[in-house]
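Architecture and fold: a report
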Amino acid sequence: MHQTISTVAFIGLGVMGYPMAGHLARQGLTVRVYNRTTATAEAWVTEHGGSHHTTPQEAAQGADLVLVCVGNDDDVRQVTTGSQGALHGMAAGSLLVDHTTASSDLAEELSNICHAQGIGFIDAPVSGGQQGAINGALTIMCGGEEREFSRVEATLAHYARAVALMGPAGSGQLTKMVNQICIAGLVQGLAEGLHFAEQAGLDQQRVIDVIAKGAAGSWQMENRHKTMVADEYEHGFAVNWMRKDLGICLEQARRLQARLPVTALVDQFYGDVQAMGGGRWDTSSLLRRLRSHGRD
């Protein structure tokens, strides 16, 4: 088996993948990229070097490690097991790491397919958003075998501040579900708090300055309160993606018989935001929903 990772393929150069792949190139790794929109791949190569390829299969050829960061389960299948997917170009002893937030079922499915081909697999969804990807400060939650994780940990650390193995294949995705469940309630709570402060005639910024130092403080409060107060949402993690993630959470919860009443409610609230035309707005746009309902 290859012990050192020197050549990597990166499949999917969206708002997350583009900077993540860039960190690998800056570390001196040979990076082969594939993106559905060829112009984006060409721009990446112009900026970072490496090479771009017309199919995931071609990008994966000769790579010690293939990293995938796309939209959903179907996208992952298309670029891995599809007719021109990466798994058709990967050699035994190489590794596949999926950074997509997807289902734990898909992770287990890919793990089985990879291991049948002598390829390692890690499901490795990330948290930290576009800014975290740009700053190389993502949190990566991994599922897989210890020996495979130990081979990729140092490479993943090039764009992460924390990389942890959570258990067997699928455990990374399950941990990401916990992450999204926690965020959903936090954002709604922050939106309600700011809405209440506004209705009460309080100075919202002064309120945040005080309560952020206590038990109410959170990443969401620190990083989103200013844009929420200003009613600005053309940034950050899109509502459409959050609904995709929460759908995965709620489906898994039904199977586990886990009760997620707040998560289910917030998912409906995000449905309201989509109906307002806010599918691309940041998840903190729950406040705009409250404000608009107040004007109804």
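This text follows the structure it describes.
These notes cover the structure that comes with them. Computed from a predicted structure; not experimentally measured.

Brief notes about the overall build of the protein chain
In terms of regular secondary structure, the protein chain is built from 13 helices and nine strands. What you see for the protein chain is a C-alpha radius of gyration of 20 Å, in line with the 19 Å of a compact globule of 296 residues. With respect to the three principal axes, the spread of C-alpha positions in the protein chain is 65 × 45 × 35 Å. The 296 residues of the protein chain split such that 52% are buried. Contacts spanning at least 24 positions in sequence make up 65% of the contacts within the protein chain whose residues lie at least 6 apart. When the accessible surface of the protein chain is summed, it comes to about 13,500 Å², and 51% of that surface belongs to carbon and sulfur atoms. Taking the 22 positively charged and 30 negatively charged side chains of the protein chain as two groups, their mean positions are separated by 4 Å.

Thoughts on the sheet that holds strand S9 (residues 160-165)
The three strands lie next to each other as S7-S8-S9, forming an open sheet whose pairing is mixed. Sheet topology places strand S7 (126-127) and S9 at the edges, where each strand pairs with a single neighbour. Against the sheet, helix H7 (residues 146-156) contacts strand S8 (138-142) and S9, and its axis sits at roughly 180° relative to S9. On top of the sheet, helix H8 (residues 171-199) reaches S7 and S8; it is set at about 130° to S8, its chief contact.

With respect to the packing of H8 against helix H10 (residues 219-229)
The geometry of H8 relative to H10 is characterised by a closest axis approach of 11 Å and an angle of 45° between their N-to-C directions. By the angle class used here, H8 and H10 are oblique. Of the two elements, H8 crosses H10, and the hand of that crossing is right-handed. In this structure, H8 contributes Ile183, Leu186, Val187, Leu190, Ala191 and Leu194 to the contact, and H10 contributes Gln220, Met221, His225, Met228 and Val229. Taken together, the residues of the contact of H8 with H10 break down into nine nonpolar, two polar and no charged.

Here's the deal with the sheet that holds strand S6 (residues 120-123)
Spatial strand order, S3-S2-S1-S4-S5-S6: six strands in an open sheet with parallel pairing. Looking along the sheet, the strands with just one partner apiece sit at the ends: strand S3 (51-52) and S6. Alignment of strand S1 (residues 7-11) against strand S2 (residues 30-34), held across five bridges, turns out to be parallel. Along S2, the bridge assignment pairs Ile11 with Tyr34.

Considerations on the packing of aromatic side chains
Counting across every chain of the model gives one aromatic pair. Centre to centre, the rings of Tyr233 and Trp281 are 6.4 Å apart; their planes meet at 35°, and the pair counts as tilted. Of this pair, Tyr233 sits in the loop between H10 and helix H11 (239-256) while Trp281 is found in the loop between helix H12 (261-275) and helix H13 (286-295), placing the two residues 48 residues apart along the sequence. For the residue pair Tyr233 and Trp281, the accessibility class agrees, reading buried in each case. A cation over an aromatic ring shows up here: Arg288 above the ring of Trp281, its NZ or CZ 4.3 Å from the ring centre. Above the face of the Phe269 ring, Arg289 is positioned so that its terminal group lies 3.8 Å from the ring centre.

Digging into the environment of Gln180
The residue Gln180 is located in helix H8 in this model. Taking the C-alpha atoms as reference points, Gln180 and Met242, separated by 62 residues in sequence, lie 7.9 Å from one another. Other than its neighbours up to four places away in sequence, Gln180 contacts Phe237, Met242, Asp245, Leu246 and Cys249. One polar contact links Gln180 to Asn179, side chain to side chain, over a distance of 2.8 Å.

About the thresholds
Within every chain, residues take consecutive numbers counted from 1 along the sequence as written. For a predicted model such as this one, the threshold for reporting local features is a pLDDT of at least 70, and the threshold for listing and counting side-chain atom pairs is 80 or more; totals across whole chains, interfaces and linings nevertheless cover every residue. By convention in this description, side-chain values take in all heavy atoms of the structure and omit both hydrogens and water. Going along the chain from the N terminus, every DSSP run of H or I of four or more residues is numbered as a helix, and every run of E of two or more is numbered as a strand. The reference for a compact globule is 2.2 Å times residues^0.38; the radius of gyration itself is calculated from the C-alpha atoms. The classification of residues rests on relative accessible area computed with a 1.4 Å probe and restricted to protein chains. Under 20% of the type maximum is buried, over 50% is exposed, and intermediate values are partly exposed. Only heavy atoms matter for contacts: two residues are in contact if any of them lie within 4.5 Å across the pair. All accessible areas in this document rest on Shrake-Rupley with a 1.4 Å probe, and a residue is counted as covered only by the protein chains that are shown. The charged-residue count follows a simple rule in which Lys and Arg add positive charge and Asp and Glu add negative charge, with His and chain termini not counted at all. Every charge is mapped onto a representative atom, which is NZ of Lys, CZ of Arg, CG of Asp or CD of Glu. Think of it this way: DSSP has to see at least two bridges between two strands before they count as a pair. The axes are straight lines fitted to the C-alpha atoms, using for helices just the contacting stretch, and the angles between their N-to-C directions are given from 0 to 180°. Each angle gets one of four labels, with under 35 degrees taken as roughly parallel, over 145 as roughly antiparallel, 65 to 115 as roughly perpendicular, and the rest as oblique. Less than a right angle of anticlockwise turn of the near helix away from the far helix marks a crossing as left-handed, whereas a clockwise turn marks it as right-handed. Any residue that is not Ala, Val, Leu, Ile, Met, Phe, Trp, Tyr, Cys, Pro, Asp, Glu, Lys or Arg is counted as polar, Gly included; the first ten are nonpolar and the last four charged. A pair of aromatic rings is counted whenever rings of Phe, Tyr or Trp (Trp by its six-membered ring) have centres within 6.5 Å, and the orientation is called stacked for planes under 30 degrees apart, edge-to-face for over 60 and tilted otherwise. Put simply, a charge is over a ring when the Lys NZ or the Arg CZ is close to the ring centre, within 6 Å, and near the line of the ring normal, within 35 degrees. We call two N or O atoms a polar contact when they sit within 3.5 Å, provided that within protein one can donate a hydrogen and the other can accept it, with sequence-adjacent residues counted only if both atoms are side-chain atoms.

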